[in-house]
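Coordinates in review
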Amino acid sequence: EAGVAQSPRYKIIEKRQSVAFWCNPISGHATLYWYQQILGQGPKLLIQFQNNGVVDDSQLPKDRFSAERLKGVDSTLKIQPAKLEDSAVYLCASSAQGRGNSPLHFGNGTRLTVT
Amino acid sequence: KQEVTQIPAALSVPEGENLVLNCSFTDSAIYNLQWFRQDPGKGLTSLLLIQSSQREQTSGRLNASLDKSSGRSTLYIAASQPGDSATYLCAGTQGGSEKLVFGKGTKLTVNP
C-alpha cells in the first residue's frame with residue numbers, strides 16, 4: 001500500500017510569513033494526525049481528525065495555526081504568522097482507527113525553518 | 001497531564017548484544033501502547049502495538065511488554081544488528097482519551 005505522503009519536504013521562511021503543509025493519508029484511513037516534533041523531543045499532537053471532524057486540537061495554537069481535512073481525505077496545516085519557535089518537523093500520520101487501537105503510519109515530515 | 005519518560009536517553013552496544021529499552025508513564029492507566037523507530041530525517045515506523053486487552057507483543061527479534069499496574073513498558077531487542085541503530089520512541093493513550101502521548105526516545109547505536 002502507498003504510504004502517507006507529505007509535501008513539501010523542506011521549507012525556509014522568515015518570521016511573520018505564512019506557510020502551508022499538505023498531507024495525503026493512506027487510503028481508507030479514517031483518522032489523521034498532525035504532530036510537531038522539535039529537535040530532540042518526541043512528537044507533540046497538534047490536531048487529530050476522525051473523518052472530517054476534529055477530535056482533539058487542545059495543543060494547537062489556534063491564534064496562528066489552522067488545519068482542515070477536506071472530504072475526509074487530504075489535509076492541510078497552515079501557520080500564519082510564523083514565529084521562530086515554530087521551527088520544527090511537522091509530521092502527518094494516519095491510522096485505520098483512533099484511540100491508538102491501530103498502528104499509526106507516518107509520513108517523512110516537513111522540516112520548517114523560520115529565520 | 002500524562003508524561004512519558006524513556007531511559008536511557010542514548011545507548012551504544014556491540015553487535016549481537018541483547019538489550020532492553022524502558023518507558024514509563026506518570027499515569028499508569030494506559031489504554032494502548034505503541035513502540036516506534038525513527039531513522040534520521042524520516043518519519044516514525046510503528047514496530048509493535050499492545051492493545052488494551054494485551055500485555056505483550058512480539059515481532060521477530062523484538063518483544064514489548066506492558067505492566068499496567070506500574071505504567072511501565074519495556075522493548076527487548078535480541079541479537080542486535082547495526083541496522084537496528086535508530087531512535088526508539090514509545091507512546092500511549094489513556095482510557096477515554098484519543099491522544100497518543102510520546103516519550104523523547106532512546107537513541108540506539110549498534111556497533112559492528
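In the block above lies the structure referred to throughout.
About the criteria used
- Residues numbered from 1 in each chain as written.
- Chains lettered and ligands numbered in written order.
- Predicted model: local features only at pLDDT ≥ 70, side-chain atom pairs only at ≥ 80, totals over all residues.
- Heavy atoms only, no water.
- Pairing = 2+ DSSP bridges.
- Helix = DSSP H or I, 4+ residues; strand = E, 2+ residues; numbered from the N terminus.
- Axes fitted to C-alpha atoms, helices over the stretch in contact; angles between N-to-C directions.
- Phe/Tyr/Trp six-rings, centres within 6.5 Å; stacked < 30°, edge-to-face > 60°.
- Buried < 20%, exposed > 50% of the residue type's maximum accessible area, 1.4 Å probe, protein only.
- Salt bridge = Lys/Arg side-chain N within 4 Å of Asp/Glu carboxyl O.
- Disulfide = S-S within 2.5 Å.

1. A look at the sheet that holds strand β1 (residues 5-7) of chain A
All names here are of chain A. Spatially, β1-β3-β8-β7 is the arrangement adopted by the four strands of the open sheet, whose pairing is antiparallel. A single partner strand is all that each edge strand has here, and the edge strands are β1 and β7 (65-69). Recorded for the sheet is a direction-independent mean angle of 15 degrees between the axes of neighbouring strands. Direction of pairing for strand β3 (residues 19-24) relative to strand β8 (residues 75-79): antiparallel, over a ladder of five bridges. Bridge pairing in β8 links Ala 20 to Lys 78.

2. Overview of unusual backbone geometry
For the bond from Gln80(A) to Pro81(A), the omega torsion is -5 degrees, close enough to zero to count as cis. Tracing the backbone shows Pro81(A) in the loop between β8 and β9 (88-95). The residue after Ile7(B), namely Pro8(B), is reached through a cis peptide bond having omega -5 degrees. Here Pro8(B) is to be found in the loop between β1 (4-7) and β2 (10-14). Here Asn51(A), not a glycine, exhibits a phi torsion of approximately 55 degrees, which is positive.

3. Brief notes about the packing of aromatic side chains
One pass over the full model with this rule turns up eight aromatic pairs over all chains. Aromatic pair Phe21(A) and Tyr90(A): ring centres 5.0 Å apart, planes at 25 degrees, arrangement stacked. With Phe21(A) in strand β3 and Tyr90(A) in strand β9, this residue pair connects regions lying 69 residues apart in the sequence. On the basis of relative accessible area, Phe21(A) is assigned to the buried category, the value being 1%. Among the residues examined, Tyr90(A) registers a relative accessible area of 0% and is labelled buried. Each member of the aromatic cluster is reached from another via a ring pair, and the members are Tyr33(A), Tyr35(A), Phe106(A), Phe36(B) and Phe102(B).

4. A closer look at the pattern of salt bridges
This model, assessed by the stated rule, comprises five salt bridges over all chains. Residue Lys99(B) is joined to Asp56(A) by a salt bridge in which the shortest nitrogen-to-oxygen separation is 4.0 Å. Placement of Lys99(B) in the loop between β9 (86-94) and β10 (101-102) and of Asp56(A) in strand β6 (residues 53-56) is noted, with the two residues assigned to different chains. With relative accessibility at 19%, the residue Lys99(B) sits in the buried group.

5. Things to note about the state of the cysteines
Residue and element names in this part refer to chain B. In the structure shown here, the tally under the stated rule is two disulfides over all chains. Between the sulfur atoms of Cys 23 and its disulfide partner Cys 90 the distance amounts to 1.9 Å. Here the S-S torsion is close to 80 degrees, and the disulfide linking Cys 23 with Cys 90 is therefore right-handed. Taken together, the residues span a long stretch of sequence, with Cys 23 in strand β3 (residues 19-25) and Cys 90 in strand β9 at a distance of 67 residues. Note on Cys 23: relative accessible area 2%, which makes it buried. Overall, the relative accessible area of 0% leaves Cys 90 in the buried class.

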